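# Geometric and topological summary
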Amino acid sequence: MSPLASGPQGPTTLRPLLTTVLDALTAGAATRDGPLPAGGPTEVAARLREALGDPLPEHGDEDALRTLVQALAAGAADPADPLCTAHLHCPPLAVATAADLAASVLNPSLDSWDQAPAASELEALVTRALAAEVYPEVHAEAGRTRSAGDALVTTGGTESNQLALLLAREHHGHTQLVCAENAHHSLRRATWLLGLPEPVTVPAPAGTMDPAALGEALTALPGPLLVAATAGTTNAGLIDPLPDISALCETHGARLHIDAAYGGGLLFSDRHRPKLDGLARAHTVTLDLHKLGWQPIAAGLLVVRDRHDLAPLGHHADYLNADDDTEAGLPDLLGRSLRTTRRPDILKIAVTLKTLGRTGLGDLVDQVCARATEFAELIHRHPHFELHDRPTISTVLFRPTDATDDTVAAVRRTLLTEGRAVLGRARLDDRLWLKATLLNPHTGADDLAALLKLVEGHTPR
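Further remarks concern the sheet that holds strand β8 (residues 385–387). What the 4 strands build is an open sheet, ordered β8-β9-β11-β10; its pairing is antiparallel. Edge positions in the sheet fall to β8 and β10 (424–428), since each has one partner strand and no second. On average, each strand axis in the sheet is inclined to that of its neighbour by 40°, with strand direction left out of account. Where strand β9 (residues 395–400) and strand β11 (residues 431–437) come together, 4 bridges link them in antiparallel fashion. Considered in β11, the bridge of Leu 397 is made with Lys 435.

Here's what the structure looks like:
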């Protein structure tokens, strides 16, 4: 009979399997030998199909764990490789990954207290601590003038943004979204999912929302309105002028949501936190700790200024939150998510916060921001490259001087196909740019120089 991971014998059963996994990860990384497997989609798929064979054989294969983990590692994009810089895809901390293993072993389901007694309390404590980080003044006033803030654990920015629009709709009726051209695509998609009107889009001429245009829109449009600002755009890591936007929302009585999935991690840094001035004036805020928090996916949060705003999420299912159980003191967890079965992603977050503390996390944020500044300076000084702008967070956009957009796209695809480097792409100012998003605090000056040299060596002259 197949052994279980939990229970008294679980650790004994897991220990040799973990050795198998670690050995397979090492072997797979050696086979890959770079940030990405070489060969492009066709060759990578062929190698994976060969390793997998029959996905559901008549008889099992005791070596399947080693075979498939090694194949996945050999065919993976490694976010810990300094030349893997395309996306907001962080290398996870070892301590967070170890905690995630414990969560998988214990397998609590956060839809009722009797499935997750300790995990439910841990989530309540840590989410409220993070809400206090976003809304420190509200937290200090709790119990005197208003309710304290709270936060829900989500699968990431997309779910958090959708929840923010849902709460706005439930509190204010048929709300209309107002956002800028730089807003994340998930916001517009959420209006469709929720049956809301087509969003009103205001210009972002310098990559960030134009407050004057927002003011005109808020003056002209009938309410109720929800303004969505961005703290850390996907393309360039830019931050909208949050103080100006929040002031306009207060003047016009509009609800404010700030998508800080990327930039929210700056809260941990004394040096960079001022870039988020105005964040605490939002009604809701999206955070993603699987970006500038170095968590294994998923580790999203939706933070609310007033926990009473979460009331519309309340839901009753007698087998999970019967009235008499709730009255007897068993916590009601169904209003903490639109999902029912839900894993304890809070554990890895809690372990990270406790292990590193504010100073440790702030140091990591400062390091990646410093690397981005160094990379931008390297590009600025290089005669064969053009820098889009100095980084606001840790994203750097650049392109070979005098290259066409087709050349920029081709260079990126060539590096991907050869498995040499993973760079993103972004279209700004009607031109295509290579995008490096630096989230690896171990990246050094030599790595940045090597990345630039690779791009230069693959650019036709």
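Let us keep going from here.
Listed as buried for helix α10 (residues 242–252) are Leu 242, Ile 245, Ser 246 and Cys 249. The arc that holds the buried residues of α10, viewed along the axis, is 95°, so those residues lie on one side. Two residues or fewer after α10 comes Gly 253, characterised by a positive phi angle close to 70°.

Two elements in contact, helix α4 (residues 94–106) and helix α13 (residues 346–381), have axes separated by 8 Å at closest approach and are oriented at 145°. Between α4 and α13 the crossing geometry is right-handed. Across the interface between the two elements, Val 95, Ala 96, Ala 99, Asp 100, Ala 102 and Ala 103 of α4 pack against Leu 347, Lys 348, Val 351, Thr 352 and Thr 355 of α13. A per-class count over the contact of α4 with α13 returns 7 nonpolar, 2 polar and 2 charged.

Within the open sheet, the 7 strands sit side by side as β1-β7-β6-β5-β4-β2-β3. Their pairing is mixed. Of all the strands in the sheet, just β1 (150–154) and β3 (200–202) have a single pairing partner and so form its edges. Here the average twist between neighbouring strands, direction ignored, is 20°. The sheet contact formed by strand β2 (residues 176–180) and β3 spans 3 bridges and is parallel. Looking at β3, one finds that Val 178 is bridged to Val 200.

For the coordinates displayed, the defined rule picks out 2 cavities of 30 Å³ or more. Estimated volume of the largest cavity: approximately 60 Å³. Residue classes in the lining of the largest cavity are distributed as 5 nonpolar, 2 polar and 2 charged. Looking at the second largest cavity, its volume works out to about 40 Å³. If you go around the second largest cavity, the residues you meet are Phe 268, Leu 289, Gly 293, Gln 295, Ile 349, Thr 352, Leu 353 and Leu 361. Here the residues of the lining of the second largest cavity sort into 5 nonpolar, 3 polar and no charged.

Attention now moves to the state of the cysteines. By definition, a disulfide links the sulfur atoms of two cysteine residues through a covalent bond. Using the criterion set out here, one finds 0 disulfides in the structure. Cysteine Cys 84 remains unbridged, with the sulfur of Cys 90 as its closest cysteine sulfur at 11 Å. In this model Cys 179 remains outside any disulfide bridge; the closest cysteine sulfur is found in Cys 249, 12 Å from its own.

Reading the values: rules and limits
- Residues numbered from 1 in each chain as written.
- Predicted model: local features only at pLDDT ≥ 70, side-chain atom pairs only at ≥ 80, totals over all residues.
- Heavy atoms only, no water.
- Pairing = 2+ DSSP bridges.
- Helix = DSSP H or I, 4+ residues; strand = E, 2+ residues; numbered from the N terminus.
- Axes fitted to C-alpha atoms, helices over the stretch in contact; angles between N-to-C directions.
- Buried < 20%, exposed > 50% of the residue type's maximum accessible area, 1.4 Å probe, protein only.
- Arc of directions from axis to C-beta.
- Left-handed = near helix turned anticlockwise from the far one by under 90°.
- Contact = heavy atoms within 4.5 Å.
- Nonpolar A, V, L, I, M, F, W, Y, C, P; charged D, E, K, R; others polar.
- 1 Å grid on protein atoms, 1.4 Å probe; cavity = no way out; pocket = protein on both sides within 12 Å on 5 of 7 lines; lining within 4 Å.
- Points joined across faces, edges and corners; volume = space filled by probe spheres on them.
- Disulfide = S-S within 2.5 Å.

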